[in-house]
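# Coordinates in review
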Amino acid sequence: MSSRDIYETALYLRLSKDDADSDGGKKTESNSIGSQRDILRAYVQSHEDLRIYDIYIDDGYSGANFERPDFERMMADIRAGKVNCVLVKDLSRFGRDYIEAGRLIQKTFPALNVRFIAVTDGFDSLFADRTDNSLILPVKNFVNDSYCRDISIKVKAQQTVKRKEGKCISAFTVYGYKKNPEDKNSLIIDEYAADIVRKIFAWKIAGMSMAAIAEKLNATGILSPMEYKRSLGMKYHSGFEGSSTPKWAAVSVKRILVNPMYLGTMVQGKQEKINYKVKKRIDKPREEWVYVENTHEAIVSDIDFLTVQDLLKFDGRASNHTDTANLFSGILICADCKAPMVKRINSYKGTKKVFYICQTKNKSMGCSRHSIEEGLLKRIVFKEIKKHLELMASYEETARYLEQMNVNYEQVVEYDSQIASLQAEYGRYYTLKSNLFSDLKEGLIDKKEFDEFHQLYERKCNELENAVKAQKKIIKDMFQNGVAAKSQLEKLKENLDIQELDRELLVTTIRRVYIHEDKRLEIEFRFHSEMDKLGILSRMYHEKTSMREVV
């Protein structure tokens, strides 16, 4: 036989995790790389016109598309004239995209004078007739494509169920956690990385900018999340890679600061594949993400996380001389235009005067100065914080009482004066709305007035109903979480002896300080709603105590 009759043959082998079906292990075993290799080598040995040029293996790659490294290497060898025959076990090993597979087999390969053989399907392009090419081949490719589509649908359905159950289905965990060795779908804390996460939150609360935090981490030799995963032997790659040795950056710090995973909430489903044939993933709207609370142990407390979220809304820049933000950065707000207040320093004859003015006015864009001197501001705010802390500490006895379960959710809802007032107002508007029908029937109002009043009363009823739900949710959260502010009581009690206002005390107790033009301050404390409810519980507690003493 002449050398021209010898085909330089590429043995192409492919296997993906989706190739198991209802036959379970039997199907996977028959499609294994070793099984495919044995079949193809035996076929070559029984055909004198075939000679193995190379073996191309894509192990772990889906047949839904042709973006596979060894398949692309094989095509490069074909175009270079090194290979003129492709040998596969069956058409499904070649690919499950029937359109692209058909194009390659029926157009590309003939144009390149490449012979194509699918052993177990009994297809050889050298001997194929019109029926094989026009009917049998497209049908087989279509069946393979349908199988791939069905597998994709089943996998997506399974993933959706697992996400809603709060099971972790991602290959890699968020920085600070690791897979539970006893349950790959649950997370446990990675103490080393978790400690870095806690420090990042603490530094942010202390007033450091995100860029300064990143610089500090890099300066102390702390590995970035990507490098840390790689140091553990993980083959981790990220779309945020920018260099061969990724460092901490402001953006990576922010991703940690805004991630609710650190509260014990599983967040998944942020991206999805365009379809089963395309590997590219697209970002999904935030409202479509899947959130499941209390799936794993939290790394940071609720109050620290909420504090940071508030600070990020008005994230001030660090001062020119330190890595930290000004004391009131992100806290001090103009009461009229709601813009942040900015710090200004006036020097006159060696004396410095520090004060704050409205940012809008400072940019000559309207509003007024709302100027207030820093020393006066500190004294007023510190005095109000001390009073607030003393009030919270006084509720400690009430919090202990709650723990004993002597008061239940229904009792508090029934006793709550705010809820009672809202419900009474709701009842009034509901009655007015109901009476409209009789007023219309009796001719006291016309149809136009009926529609206007009915719409007004309906809107009011909805608003009041939502307000009642919001008040009940506060109480429900208090019982579920053991009183939202309770966990902070011991920590706050330690601050009662503090003699000077500092950044941590300020941001952990106050959400906003609004400055009016007349220098009047309006302070919004954290957990003020919970404190109102604790006040109600405190009165309940003391009333019950007094009744027992009388009895």
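Residues numbered from 1 in each chain as written. Predicted model: local features only at pLDDT ≥ 70, side-chain atom pairs only at ≥ 80, totals over all residues. Heavy atoms only, no water.

### Describing the side chain of Lys-433
Take Lys-433: it is sitting in helix α16 (residues 417-441). Setting aside chain neighbours within four positions, we find Lys-433 in contact with His-454, Tyr-457 and Glu-458. (Helix = DSSP H or I, 4+ residues; strand = E, 2+ residues; numbered from the N terminus. Contact = heavy atoms within 4.5 Å.)

### Focus on unusual backbone geometry
Phi angles above zero are rare outside glycine, and Ser-364 is one such case at about 55°. With respect to the secondary-structure elements, Ser-364 resides in the loop between α12 (359-362) and β15 (372-373). With a relative accessible area of 69%, Ser-364 lands in the exposed category. Even without being glycine, Lys-519 reaches a positive phi, approximately 70°. Looking at the element boundaries, Lys-519 is found in the loop between β16 (510-515) and β17 (521-525). Assessed through its relative accessible area of 44%, Lys-519 is described here as partly exposed. (Buried < 20%, exposed > 50% of the residue type's maximum accessible area, 1.4 Å probe, protein only.)

### Focus on the sheet that holds β17
Pairing within the open sheet is mixed, and its three strands lie in the order β12-β16-β17. Only two strands of the sheet have a single neighbouring strand rather than two, namely β12 (332-334) and β17. Ignoring strand direction, the axes of neighbouring strands in this sheet form an average angle of 25°. Relative to β17, β16 runs antiparallel, the two sharing five bridges. Within β17, the position partnered with Tyr-514 by the bridge is Glu-522. (Pairing = 2+ DSSP bridges. Axes fitted to C-alpha atoms, helices over the stretch in contact; angles between N-to-C directions.)

### Considering the pairing of β16
Within β16, five of the six residues are buried, leaving the element largely enclosed by the surrounding structure. The pairing of β12 with β16 spans three bridges and is parallel. When the sheet's bridge partners are listed, Leu-332 is paired in β16 with Val-513.

### Here we look at helix α7 (residues 191-205)
Over its 15 residues, α7 extends 21 Å from the first C-alpha to the last, a length consistent with the 21 Å expected when each residue adds 1.5 Å. Three or more residues of α7 are buried, namely Ala-193, Ala-194, Ile-196, Val-197, Ile-200, Phe-201, Trp-203, Lys-204 and Ile-205. Packed against the buried residues of α7 are β7 (183-189), α8 (210-219), α9 (225-231), α10 (250-257), α11 (302-313) and α19 (503-509). A positive backbone phi angle near 110° is found at Gly-207, which sits one or two residues after α7. (Expected span 1.5 Å × (residues − 1).)

### Structural notes on α10
Of the residues making up α10, those classed as buried are Ser-252, Val-253, Ile-256 and Leu-257. Buried positions in α10, seen along its axis, are confined to an arc of 145° and lie on one side of it. In the core, the buried residues of α10 are packed alongside α7, α8 and α11. (Arc of directions from axis to C-beta.)

### Digging into the pattern of salt bridges
According to the stated counting rule, one finds 18 salt bridges in the structure shown. Its salt-bridge partner being Glu-165, residue Lys-167 comes within 3.3 Å of it at the nearest N-O pair. A salt bridge links Glu-458 to Lys-433; its shortest N-O distance comes to 2.7 Å. Taken together, the positions of Glu-458 in helix α17 (residues 447-481) and Lys-433 in helix α16 put the pair 25 residues apart, joining distant regions of the chain. On the basis of relative accessible area, Glu-458 is assigned to the partly exposed category, the value being 29%. Residues participating in the shared-partner salt-bridge network are Asp-49, Arg-115 and Asp-124. (Salt bridge = Lys/Arg side-chain N within 4 Å of Asp/Glu carboxyl O.)

### Brief notes about the state of the cysteines
Counted under the stated rule, the structure contains zero disulfides. Left unpaired, Cys-367 is separated from the closest cysteine sulfur, that of Cys-334, by 3.7 Å. (Disulfide = S-S within 2.5 Å.)

### Quick look at the packing of α8 against α10
Contact geometry for α8 and α10: axes closest at 8 Å, N-to-C directions at 105°. The angle between the axes of α8 and α10 places the two elements in the roughly perpendicular class. Of α10, the residues touching α8 (which contributes Met-210, Ala-211, Ile-213, Ala-214 and Leu-217) are Ala-250, Val-253, Lys-254 and Leu-257. The residue inventory of the contact of α8 with α10, partitioned by class, reads eight nonpolar, no polar and one charged. (Parallel < 35°, antiparallel > 145°, perpendicular 65-115°, else oblique. Nonpolar A, V, L, I, M, F, W, Y, C, P; charged D, E, K, R; others polar.)

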